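The residues making up each chain are set out below.
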Amino acid sequence: MSSAPTMHRYTSALNQAPLTRRIGHVTRSQGLVLEANGPDAFLGEVCAIYSRSQGTPVLGEVVGIRDGRVLLMPYGELHGIGLGSEVIARGQALRVAAGNGYLGRVVDAFGKPIDGIAPPPVDVMVPLRREAINPLSRPPIRNVLECGIRAIDTLLTIGRGQRIGIFSGSGVGKSTLLGMLARNVRSDVNVVAMVGERGREVREFIENALGPAGLKRSVVVVSTAEQPALLRCNAAYTATALAEYFRDQGADVALIMDSVSRFAMAQREIGLAIGEPPTARGYTPSVFASLPRLMERCGTAASGGSITAFYTVLAEGDDFYGDPVVDATRSVLDGHLVLTRELADRRHFPSIDVLKSISRLMPVLASPADQALAQQAVRLLDRLHKSRDLIDIGAYKSGVNAELDRAMRLAPWLERFLCQSGDEVIPRADALASLSGLLKET
C-alpha cells in the first residue's frame with residue numbers, strides 16, 4: 001500500500017501535468033521571426049517548432065504577440081520549417097541547470113557543457129530571468145574586494161557586491177585586463193560570460209587569459225558571434241542566473257561579462273524584428289529597459305553571498321560620452337574603469353585612465369588614510385596631465401609651481417606603479433605600502 005506522502009507526490013505531479021497540448025501553426029516567416037496562429041502561450045515561454053522533414057523540433061521563444069498572432073524567435077536554424085509547421089507550447093520559460101559540479105566547465109547559453117566532458121550532476125534548475133532583490137533586503141556593501149591590480153586596489157577601490165563598467169575601444173587591452181581580474185580577484189567563484197564573442201578568441205581566452213588556475217574556480221558561459229540574437233542575449237541571462245545560484249549558497253561571486261555592447265546589439269536585433277521603433281543609434285526601447293533589469297540582479301544578498309559584476313562596454317569610435325549604451329550603463333552601475341588608446345599606444349598596461357575612472361563606493365570602503373593617499377596621487381597625475389602641453393614644448397620652467405615640480409619628479413615612478421604585467425598578483429596592503437613610500441619621496 002502506498003504511503004500518504006507518496007500519494008501526495010503522485011497527486012501533485014498529476015495536477016501539474018498538462019492534460020492537453022497547446023498547438024499552433026506557422027503562418028508567416030519574416031527575417032528573424034516566425035508568426036503563428038497559436039498556441040495560447042505567454043511571453044518568454046519555450047515552444048517546439050516541428051518541420052515536415054525532420055522529427056527533431058527546433059526550440060523557439062515567444063517574444064511578442066501581435067494582432068492575435070504569436071511571434072516566435074528560434075534558438076537554431078529553420079531548415080525544413082515552412083507554412084503550417086506545428087508549434088507546441090512547452091509550458092515554461094527557459095531554465096538552466098546549476099550546481100557545484102559546473103565549476104571548471106564551459107557551457108553554452110542553455111547551460112549545457114561544450115567542453116567535451118560529460119555533464120556534471122544537476123543540483124537545481126534555475127530560471128534565466130528573476131526579479132532583482134528588494135532594495136531594502138540588500139545588506140550594505142562594506143567589504144573591500146581585492147583585485148590584485150595596483151591601479152584598482154589603491155586608487156579605485158571596489159567592494160564585494162559592487163557593479164563596475166569597463167569602458168574601452170577596440171584593441172586597448174580589455175581581454176588582458178579581464179584575464180587578470182579572473183585570475184587575481186579574491187572571490188570564491190567566477191562566472192565569465194562571453195556574449196557574441198569571436199569563436200577564435202574563446203579558446204584563447206580560456207587557455208591564455210584565464211588559465212588552468214582561473215578556470216578551476218570558474219564557470220564560462222559562451223555564445224559566439226554567429227549564433228542567433230536570442231542565444232546571445234540568453235548567454236548574459238544564463239551567466240547571471242548561475243552567479244545568483246552560487247550567491248544564494250553564500251559564495252562571493254565575481255561575474256565578468258564581455259560584453260554589454262554585444263548584448264545590447266542582440267537585444268536591438270530582437271526588438272527591430274518584432275517591430276519596435278528605433279531610437280538613439282537604432283537601439284530600441286527594450287535595450288534600455290533590459291540593461292537595468294539585468295544589472296540590478298547583482299549585488300549583496302541576505303545569504304551572506306554577493307555578486308561583484310564587471311561589465312565591459314565597447315565604445316564605438318572611443319566615444320565615451322556620446323554612445324547611448326555607454327551612457328545607459330554608466331547611469332546604472334556603481335563606477336567604471338576607462339581604458340584609453342593613448343595609454344595602450346604607450347604600452348602602458350593595464351591601460352586604465354585613473355583620471356577618467358571612478359569607484360562610487362570607495363569613500364565608504366577605504367580608510368581615511370587610504371583615501372588621502374589616493375587623492376594625493378590623483379591630484380599629482382591631474383596636475384601633470386593639465387600641464388603636459390606646456391612641458392612638452394618647453395614653455396614651463398622648474399620652480400614656478402611646486403606641486404607641478406613634484407609631479408614631474410614622481411611621474412616616472414607613478415607610471416611604473418600603475419603598470420602591471422599580466423602574471424603579477426599584488427596584494428592590496430603591499431600596493432598601498434608601495435604607493436605610500438613612493439609619495440614620500442621628495
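In short, a report on the structure. What you see is a predicted model, and the numbers here were worked out from it, not measured in a lab. (Residues numbered from 1 in each chain as written. Predicted model: local features only at pLDDT ≥ 70, side-chain atom pairs only at ≥ 80, totals over all residues. Heavy atoms only, no water.)

Take helix 3 (residues 174-184) next. Because each turn of an α-helix spans 3.6 residues, side chains separated by three or four positions end up pointing in the same direction. Helix 3 sits mainly inside the fold: eight of its eleven residues count as buried. Among all positions in helix 3, only Lys174, Leu177, Leu178, Gly179, Met180, Leu181, Ala182 and Asn184 are buried. On its buried face, helix 3 sits against helix 2 (150-155), strand 12 (163-168), strand 13 (189-197), helix 4 (199-216), strand 15 (252-258) and strand 17 (306-314). (Buried < 20%, exposed > 50% of the residue type's maximum accessible area, 1.4 Å probe, protein only. Helix = DSSP H or I, 4+ residues; strand = E, 2+ residues; numbered from the N terminus. Contact = heavy atoms within 4.5 Å.)

Following Asp258, the chain continues to Ser259 via a peptide bond in cis, the omega torsion being 5 degrees. Looking at the element boundaries, Ser259 is found in the loop between strand 15 and helix 6 (260-273). The peptide bond linking Phe349 to Pro350 adopts the cis configuration, its omega dihedral lying at -5 degrees. Looking at the element boundaries, Pro350 is found in the loop between helix 9 (341-345) and strand 19 (358-359). A positive phi angle is found at Asp67, which is not glycine, with a value near 55 degrees. Judged by relative accessible area, Asp67 falls into the exposed class, the value being 75%.

Empty space within the largest pocket amounts to approximately 610 Å³. Along its surface, the largest pocket is lined by 26 residues, and Glu61, Arg129, Tyr237, Ser290 and Arg293 are the ones closest to its centre. Contributing elements (two or more residues each) for the lining of the largest pocket: strand 4 (58-66), helix 5 (229-248), helix 6 and helix 7 (285-295). Here the lining of the largest pocket gets five residues from one element, more than from any other, and that element is helix 7. Its residues assigned to classes, the lining of the largest pocket comprises 14 nonpolar, four polar and eight charged. One number sums up the size of the second largest pocket: a volume of about 510 Å³. What lines the second largest pocket is a set of 18 residues, among which Leu343, Arg346, Leu355, Leu381 and His385 lie closest to the centre. Breaking the lining of the second largest pocket down by element, the ones donating at least two residues are helix 9, helix 11 (368-386) and helix 13 (402-418). Among the elements that line the lining of the second largest pocket, the one with the most residues is helix 13, at four residues. (1 Å grid on protein atoms, 1.4 Å probe; cavity = no way out; pocket = protein on both sides within 12 Å on 5 of 7 lines; lining within 4 Å. Points joined across faces, edges and corners; volume = space filled by probe spheres on them. Nonpolar A, V, L, I, M, F, W, Y, C, P; charged D, E, K, R; others polar.)

Once that is clear, we can look at the packing of helix 3 against helix 4. At a closest axis distance of 9 Å, the pairing of helix 3 and helix 4 adopts a crossing angle of 10 degrees. Put simply, helix 3 runs roughly parallel to helix 4. Contacts between helix 3 and helix 4 involve Ser175, Leu178, Gly179, Ala182 and Arg183 from the first element and Phe205, Asn208, Ala209, Leu210 and Gly214 from the second. Here the contact of helix 3 with helix 4 is composed, by residue class, of five nonpolar, four polar and one charged. (Axes fitted to C-alpha atoms, helices over the stretch in contact; angles between N-to-C directions. Parallel < 35°, antiparallel > 145°, perpendicular 65-115°, else oblique.)

Turning to the environment of Leu410, a few remarks are in order. Summarising the element assignment, Leu410 is placed in helix 13. Sequence separation between Leu410 and Gly335 is 75 residues; the distance between their C-alpha atoms is 27 Å.

A word on helix 4. When the terminal C-alpha atoms of helix 4 are compared, their 21 Å separation across 18 residues is substantially less than the 26 Å that a helix rising 1.5 Å per residue should span. At Leu210, helix 4 is bent by approximately 95 degrees, the largest bend along its length, and proline Pro212 sits one to four residues beyond. Within helix 4 the residues assigned to the buried category are Glu201, Val202, Phe205, Ile206, Ala209, Leu210, Gly211, Gly214 and Leu215. The inward-facing, buried residues of helix 4 abut strand 8 (105-107), helix 3, strand 13 and strand 14 (218-224). (Expected span 1.5 Å × (residues − 1). Bend = angle between axes of the 7 residues up to and from the residue.)

Let's shift gears to the packing of helix 13 against helix 14 (residues 428-439). Helix packing for two helices is described by the angle between their axes and how far apart those axes are. At a minimum axis distance of 10 Å, the contact between helix 13 and helix 14 shows a crossing angle of 160 degrees. What the angle tells us is that helix 13 and helix 14 run roughly antiparallel. Considering how the two elements wind past one another, helix 13 and helix 14 form a crossing that is right-handed. Residue-level inspection shows Arg406, Leu410, Trp413, Leu414 and Phe417 of helix 13 in contact with helix 14, the latter providing Ala431, Ser434, Leu435, Leu438 and Leu439. Residues belonging to the contact of helix 13 with helix 14 are distributed by class as follows: eight nonpolar, one polar and one charged. (Left-handed = near helix turned anticlockwise from the far one by under 90°.)

Turning our attention to the nonpolar core. Formed by 62 residues in total, the largest nonpolar core has its most connected members in Val191, Phe246, Val253, Leu255, Met257, Phe263 and Tyr311. In terms of residues, this core owes the most to one element, helix 5, which gives 13 residues. (Core = buried A, V, L, I, M, F, W, Y, C linked by side-chain atoms within 4.5 Å.)

On to the environment of Leu128, then. Within the secondary structure, Leu128 is located in the loop between strand 9 (124-127) and strand 10 (144-145). Along the chain, Leu128 and Gly80 lie 48 residues apart, while their C-alpha atoms are 29 Å from each other.

Structurally, the position occupied by Thr27 is in strand 1 (residues 23-30). Among all residues touching Thr27, those that are not within four sequence positions of it are Glu35, Ala36, Asn37, Arg69 and Leu83.

Here we come to the sheet that holds strand 1. Across a sheet, paired strands are connected by hydrogen bonds in the backbone, their directions being either parallel or antiparallel. Strand order in the closed barrel made by the six strands is 1-2-5-4-3-6, with antiparallel pairing throughout. Sheet twist, expressed as the average angle between the axes of neighbouring strands with direction ignored, equals 45 degrees. Examined bridge by bridge, strand 4 and strand 5 (residues 69-74) share six bridges and lie antiparallel to one another. Residue pairing in the sheet places Gly64 in a bridge with Leu71 of strand 5. (Pairing = 2+ DSSP bridges.)

With that out of the way, let us pick up the pattern of salt bridges. All told, the structure shown has 28 salt bridges when counted by the stated rule. Linking Asp252 and Arg160 is a salt bridge whose minimum nitrogen-to-oxygen distance equals 3.6 Å. Of this pair, Asp252 sits in strand 15 while Arg160 is found in the loop between strand 11 (158-159) and strand 12, placing the two residues 92 residues apart along the sequence. Among the residues examined, Asp252 registers a relative accessible area of 17% and is labelled buried. Its salt-bridge partner being Asp334, residue Arg163 comes within 3.2 Å of it at the nearest N-O pair. Taken together, the positions of Arg163 in strand 12 and Asp334 in the loop between helix 8 (324-332) and strand 18 (335-338) put the pair 171 residues apart, joining distant regions of the chain. The exposure class of Arg163 is buried, given its relative accessible area of 8%. One connected set of salt bridges, linked through shared partners, spans Arg130, Glu244, Asp248 and Arg297. (Salt bridge = Lys/Arg side-chain N within 4 Å of Asp/Glu carboxyl O.)

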